[in-house]
Amino acid sequence: MTRIAHLHAREVLDSRGQPTIEVELRCANGSGGRAIVPSGASTGKFEAHELRDGDPERYDGRGVRRAIAHIHETIAPRLLGRDPAQQEAIDAELLALDPTPQKTQLGGNALLGVSLAAAHAAAAAQGCELYEHLSQLWQASAGEARQPAPPTLPLPMTNMISGGLHAGGNLDFQDVLIQPVGAPDYPTALEWIVRVYRRLGKLLGDAGYEGRLVGDEGGFGPRLQSNRQAIEFVVQAIEHAGLVPGSQVNLALDVAATHFFADGRYRLASTGGAVLSAAQLIDQLAELVDAFPIASIEDPLAEDDWEGWQAITRRLSDRVRLVGDDLFTTNATRLQRGIELQAANAVLIKVNQIGTLTETFATMRLANRAGYQCVVSARSGETEDSTIADLAVATGAARIKIGSIVRSERLAKYNRLLRIAERVATPAWR
């Protein structure tokens with residue numbers, strides 16, 4: 001057993017040049033760990049609160065010095081001397097210090113940085129890989145006496161074309177992604193992804209579109225005529241890469257419907273200005289599923305449109321993965337409601353939506369018990385921190401959604417999975 005001897009936080013920058021928090025935790029035996037908190041652009045209103053300074057003279061009010069002060073002045077005195085391996089106890093202390101539902105007192109960004117840094121420090125103190133330590137915590141959180149199940153490699157879901165809040169509203173849908181489901185292993189899956197991405201860039205350039213313009217997460221951001229045209233380009237890229245759409249590489253959509261929902265209607269401003277009911281939007285999505293090898297749709301309806309979610313689940317859940325992001329915000333209470341209403345069949349897992357590692361585990365456990373798949377996800381405002389790669393492996397998550405393959409904050413996660421793949425050979429999708 002070792003003890004926390006020092007806790008320090010600093011203001012660093014994320015992939016959009018916005019301030020965020022890095023927490024460094026040092027133990028009495030000299031080991032330590034460090035974690036950086038990501039930030040989202042496409043955020044649900046039920047997410048944990050991201051505490052910002054509001055000072056227009058610094059970073060347009062986006063500074064995080066207030067949250068850092070809470071770490072130094074409120075959190076650190078309560079955690080010094082504790083064992084960092086006692087993750088549940090540390091997270092319980094954090095939640096006791098800020099008992100508000102959305103962490104509005106200290107900030108979800110402050111709590112998460114400390115929670116994840118503790119996990120990194122505990123792994124270092126034990127001399128093990130982070131995913132190995134997280135696997136132990138994952139099993140312990142279920143109260144299982146048996147040995148931890150072997151970790152597995154998640155299948156990447158990778159952005160090809162971006163729209164919505166990730167690319168200046170050039171398309172209504174936020175992302176068109178690919179999944180290399182036919183790849184025999186993770187390294188092959190990654191090579192296929194890179195191949196398709198490069199073919200897509202050439203196709204877009206040859207067609208007169210901005211083949212080098214990319215969105216926040218590295219997906220191409222051309223000003224296409226419609227969401228359907230974006231999907232058609234991605235299918236062509238798969239074929240030009242010498243791969244078979246559907247059996248080897250299929251598609252996923254992130255609709256992010258909350259961001260074009262107002263007054264009970266869905267307003268597709270960049271695609272003809274259509275104003276649709278939930279039923280009409282579901283009809284359009286069903287037509288796309290009929291026409292293309294789409295295997296997953298994230299946030300097809302808005303975060304408060306529970307009736308719409310129920311309707312699309314009844315209609316499409318036997319054909320595609322319906323992933324709740326804004327709908328669930330990694331929150332076990334909201335996920336429980338979705339389970340009871342039979343809305344969605346998968347949940348996106350973003351650690352900064354909920355605020356602590358223990359709460360993240362609780363939501364994933366609930367999803368597993370209900371038969372909902374878990375998709376571990378990065379944020380649009382990312383960093384070089386690669387914790388989510390280890391989290392996905394440790395929990396046996398079916399998928400991981402990192403972003404595209406041309407930005408270093410994304411590649412940090414893809415490359416971390418390559419290193420893990422040398423030790424963990426089992427893919428979750430085979």
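Definitions and cut-offs
- Residues numbered from 1 in each chain as written.
- Predicted model: local features only at pLDDT ≥ 70, side-chain atom pairs only at ≥ 80, totals over all residues.
- Heavy atoms only, no water.
- Helix = DSSP H or I, 4+ residues; strand = E, 2+ residues; numbered from the N terminus.
- Rg over C-alpha atoms; globule rule 2.2 N^0.38 Å.
- Buried < 20%, exposed > 50% of the residue type's maximum accessible area, 1.4 Å probe, protein only.
- Contact = heavy atoms within 4.5 Å.
- Lys, Arg positive; Asp, Glu negative; His and termini not counted.
- Charge placed at Lys NZ, Arg CZ, Asp CG, Glu CD.
- Salt bridge = Lys/Arg side-chain N within 4 Å of Asp/Glu carboxyl O.
- Phe/Tyr/Trp six-rings, centres within 6.5 Å; stacked < 30°, edge-to-face > 60°.
- Lys NZ or Arg CZ within 6 Å of the ring centre and 35° of its normal.
- Pairing = 2+ DSSP bridges.
- Axes fitted to C-alpha atoms, helices over the stretch in contact; angles between N-to-C directions.

Undergrad: Lay out the overall build of the chain with the relevant residues and their values.
TA: Summing up its helical and strand segments, the chain has 13 helices and 14 strands in all. In summary, the chain has a C-alpha radius of gyration of 21 Å against a globular reference of 22 Å for 430 residues, a match within 12%. Principal axes of the C-alpha set define a box for the chain whose edges measure 60 × 45 × 45 Å. A buried classification covers 60% of the 430 residues belonging to the chain. Within the chain, residue pairs in contact and separated by at least 24 positions form 69% of the contacts whose partners lie at least 6 positions apart. A distance of 2 Å separates the average location of the 43 positive side-chain charges in the chain from that of its 51 negative side-chain charges.

Undergrad: Summarise the pattern of salt bridges; cite the residues concerned and give the values.
TA: Under the definition given, this model contains 28 salt bridges. A salt bridge links Lys202 to Asp206; the shortest N-O distance between them is 2.8 Å. Here Asp206 and Lys202 lie together in helix α5 (residues 186–206), a separation of 4 residues that amounts to about one turn. Residue Lys202 is classed as exposed on the basis of its relative accessible area, which comes to 55%.

Undergrad: Tell me what's going on with the packing of aromatic side chains, and back it up with residues and numbers.
TA: Scanning all chains against the criterion turns up 6 aromatic pairs. In this structure an aromatic cluster arises from ring pairing among Phe260, Phe261 and Tyr266. Lying over the aromatic face of Phe46, Arg334 brings its terminal NZ or CZ to 3.7 Å of the ring centre. Positioned above the aromatic ring of Trp138 is the side chain of Arg365, whose terminal nitrogen or guanidinium carbon lies 3.7 Å from the ring centre.

Undergrad: Can you lay out the sheet that holds strand β1 (residues 4–13) for me, pointing to particular residues and giving the numbers?
TA: Strand order in the open sheet made by the 3 strands is β1-β2-β3, with antiparallel pairing throughout. Edge positions in the open sheet fall to β1 and β3 (32–36), since each of these has one partner strand only. Each strand of the sheet is rotated relative to its neighbour by a mean of 15°, with strand direction disregarded. Both β1 and strand β2 (residues 19–27) contribute to a ladder of 9 bridges, which runs antiparallel.

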